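Summary of structural features
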Amino acid sequence: MASVLFFLISALILRTAAAANLRTTAALLRSYPTPEPTNTNIRPTTFFEVTKPIPLPNTIPCSYLLLQHNFGYTYNEPPVLVDYNPPINCPSQNFERIVLEWRATVKGRQYDRIFGVWLSGVEILRSCTAEPRATGTIWTVKKDITKYKSLLLRNQTLAVYLGNIVDSTYTGVFHAKLYIHFYPADNQMKKIEFDASGADLILPISRNLPLNDGLWFEIVNSTDIAMKQFKIPRNTYRAVLEIYVSFHENDEFWYSNYPNEYIAANSLSDYPGNGPFREIVVQLDDLVAGSVWPFTVIYTGGINPFLWRPITGIGSFDLPTYDIEITPLLSKLLDGKIHNLQFSVTNALNVWFIDANLHLWLDQKQKKTEAKLIQHISSPLAYSLYSGFADFDGTFDTNVTRTIVSKGYVKSSQGVVTTKFIQNLKYTNRMVLGNEGNLQIVKQVTYSNSRLDTRASDSNVISSKFPREFNLYMYTNSFSQGNETVQVANVSLGFKETTKRGSDSSVSTERLRNLQEAQGSAVINGYTFVGGVGSTQEQLFYKGENSCYFRNVSSFNYTVLYDKVDNGCLHEEKLYY
């Protein structure tokens, strides 16, 4: 029903629209205010992101309100700071799960805003706000933060930064509450995901307070480098770098940016360029430690905001993080000296927000561990671009591959353990421009095949494999209609990831698939949306060792048409790309 309504309305809008050399495709991707309904008796709309449920024990949590704040004019202001104290009145201190919960409301007109939550500089949530209606918008974000347990059991300073602007036009104030829920362990709880002991120590790789901004580093161009100095305990036997990243302004839609030769040939100097490929490079002193090829998160106002109401884009409310195994490189860090972590973004335009957390596992039986780097390979990018265009129309094919390998051993009270971390990365992007440059089609696939092999001197190799595939299809077209512009947008966004852990004799497997398809059209006058429609369908499937989860949901113009949940394991074949 949603698709039928969408195409009927689109046909009516487009019937009188004539193609013209508007050169507006890139501009229409930006976030603009949307029209406010005149009927203020409508109840607030609940926005939500479709995610895999957090597995919880059958226990009553100890819950606390950490922060309550109204984020009005907070742009270029210091983060909100409060004292954080761990729970002391819980019946048990043996917590199975720890969940952070953000609840917020907003009313009026406002852009989508990025925000972050930090504990003593360690980021524990990166998120985007919902865009409001005049009648109000409500949304909730829940995140499993159990892996930060060692941090959460100490007194800390909690910081929240949400840069917002309020004036006569942008009236939306974000009224937010932040909760934390500690769930005591339940011995009867089924294990529906891999267990992993949290790190003993987590070091912040972020900017230091005081700041009139978030604690993230800002990368503004392709030569910009963000750096943080740090020192680790000498009894460390494992290290993992967790990276937070978000992209904004001229690189919010980096996957659709034009090649520079096309921009130069058509005198489009005001349009974002450097092509559609981006890579976050992580360097440890003089070595490339790893690389991140990010998922194409689309924020709640992106491309066409009617696409994401009330079902928001994948990753928009809980932006994904990316792990790089640093253990093979520990020999570089165990000397008790200060070292450097650096971040850069290949082809970057203004602006990328990046920081990281360094998770460290410590040997409680020894004051020092020993390590040696056996192998390190960081191949340069294998990059190719096919470019064929005449005037504003053309086709561009971008293909990139890269491999990074690190191998080393650590000698601790557990013996000698050899670790090998491999990243095999592959990227393809086809961009088609037509209708005198007002039509743009982007089809992008990113493959990230990571593998971690560990072997003790007296045991078999234990392998952890993390193949991921990120998929994006975007169609946008623009037409003139009098003094207004009509934009049509179709988006398909999704990912597939598999996690396998074990030896040759025993392997545990998890699979997660998430596919989102959205169709919409919008009428724009100047820089303001004056009308539009949107329809979204999404399917998520998870299969673990002991359980499955399937959710199938669809919406049209703020209304959820259906929302079906099933815990059976027969739905995986329904997810196609």
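One can find the structure itself at the top, above this paragraph.
Just so it is clear, the model here is predicted, and its values are computed rather than measured. (Residues numbered from 1 in each chain as written. Predicted model: local features only at pLDDT ≥ 70, side-chain atom pairs only at ≥ 80, totals over all residues. Heavy atoms only, no water.)

Scanning the model with the defined rule gives three cavities of 30 Å³ or more in all. Space inside the second largest cavity adds up to approximately 40 Å³. Lining the second largest cavity, in full, are P294, F295, T296, Q444, T446, F470, N471 and L472. Only β23 (439–456) and β24 (462–481) provide two or more residues apiece to the lining of the second largest cavity. When grouped by side-chain class, the residues that make up the lining of the second largest cavity number four nonpolar, four polar and no charged. (1 Å grid on protein atoms, 1.4 Å probe; cavity = no way out; pocket = protein on both sides within 12 Å on 5 of 7 lines; lining within 4 Å. Points joined across faces, edges and corners; volume = space filled by probe spheres on them. Helix = DSSP H or I, 4+ residues; strand = E, 2+ residues; numbered from the N terminus. Nonpolar A, V, L, I, M, F, W, Y, C, P; charged D, E, K, R; others polar.)

Looking now at the sheet that holds strand β4 (residues 95–106). In spatial order, the strands read β1-β7-β4-β9-β2; together these five strands make up an open sheet with mixed pairing. Each of the sheet's edge strands pairs with one partner strand only, and the pair in question is β1 (45–47) and β2 (62–71). This sheet shows a mean twist of 20° between the axes of neighbouring strands, independent of strand direction. As judged from the nine bridges shared by β2 and strand β9 (residues 174–184), these two strands associate in the antiparallel manner. When the sheet's bridge partners are listed, S63 is paired in β9 with H181. (Pairing = 2+ DSSP bridges. Axes fitted to C-alpha atoms, helices over the stretch in contact; angles between N-to-C directions.)

Strand order in this open sheet of four strands is β12-β17-β14-β15, and the pairing throughout is antiparallel. Of all strands in the sheet, those bounded by a partner on one side alone are β12 (226–230) and β15 (287–292). Strand after strand, the sheet turns through a mean of 20° between neighbouring axes, direction not considered.

Summarising the element assignment, W102 is placed in strand β4. Residues W102 and K500 lie 398 residues apart in sequence; the distance between their C-alpha atoms is 31 Å. If we ignore the near neighbours within four places in the chain, the residues touching W102 are F71, F115, W139, T140, V141, V160, L162, A176, K177 and L178. (Contact = heavy atoms within 4.5 Å.)

A separate point is the packing of aromatic side chains. Two descriptors summarise a pair of aromatic rings, namely the distance from one centre to the other and the angle between the planes of the rings. Counted according to the given criterion, the structure contains 28 aromatic pairs. Centroid distance W254 to W352: 6.3 Å. Interplanar angle 40°. Geometry classified as tilted. One end of the pair, W254, is in the loop between β13 (236–247) and α4 (260–265); the other, W352, is in strand β18 (residues 352–362), with 98 residues separating them in the sequence. Its relative accessible area of 1% is what places W254 among the buried residues. Residues F277 and W293 carry aromatic rings whose centres are separated by 5.0 Å and whose planes lie at 85° to one another, so their mutual orientation is edge-to-face. One end of the pair, F277, is in the loop between α4 and β14 (279–284); the other, W293, is in the loop between β15 and β16 (321–325), with 16 residues separating them in the sequence. (Phe/Tyr/Trp six-rings, centres within 6.5 Å; stacked < 30°, edge-to-face > 60°. Buried < 20%, exposed > 50% of the residue type's maximum accessible area, 1.4 Å probe, protein only.)

Turning our eyes to something else, we now look at the pattern of salt bridges. In the structure shown here, the tally under the stated rule is 15 salt bridges. The closest approach of N and O atoms between E242 and K147, which form a salt bridge, is 2.7 Å. One end of the pair, E242, is in strand β13; the other, K147, is in the loop between β7 (137–144) and α3 (149–152), and 95 residues separate them in sequence. Its salt-bridge partner being R468, residue E497 comes within 3.3 Å of it at the nearest N-O pair. Of the two residues, E497 is situated in strand β25 (residues 484–502) and R468 in strand β24; the sequence distance between them amounts to 29 residues. In this structure E497 comes out as partly exposed when scored by relative accessible area, which is 22%. Each of E123, R126 and D355 takes part in a single network of salt bridges with overlapping partners. (Salt bridge = Lys/Arg side-chain N within 4 Å of Asp/Glu carboxyl O.)

Moving on: the pairing of β14. Across the six residues of β14, five count as buried, placing the element largely inside the fold. Two strands pair when backbone bridges link them, and β14 and strand β17 (residues 339–346) are joined in this way by six bridges, in the antiparallel orientation. Within β17, the position partnered with Q283 by the bridge is Q342. In textbook terms, the turn of a hairpin is the stretch between consecutive antiparallel strands, and for β14 and β15 this stretch comprises two residues, one of which, D285, has a positive phi near 50°.

Below, the discussion takes up the layout of surface pockets. Its volume calculated, the second largest pocket comes out at about 750 Å³. Y75, D112, R113, H248 and E249 are, among the 24 residues lining the second largest pocket, the residues nearest its centre. Classifying every residue of the lining of the second largest pocket gives eleven nonpolar, six polar and seven charged.

Tallied over the entire structure, the rule returns two disulfides. Covalently, C62 is tied to C90 through a disulfide, its sulfur atoms 2.2 Å apart. Here the residue C62 occupies a position in strand β2, and C90 occupies one in the loop between β3 (80–84) and β4, the gap between them amounting to 28 residues. Each member of the pair, C62 as well as C90, is classed as buried. Across a sulfur-sulfur distance of 1.8 Å, C548 and C569 are joined as a disulfide pair. In this structure the cystine formed by C548 and C569 twists about its S-S bond by roughly 105°; its chirality is therefore right-handed. With C548 in strand β28 (residues 548–556) and C569 in the segment after β29 (559–566), the pair connects residues that are 21 residues apart, well separated along the chain. For the protein, the bonded cysteines pair up as 1-2, 3-4 when numbered in the order they occur along the sequence. (Disulfide = S-S within 2.5 Å.)

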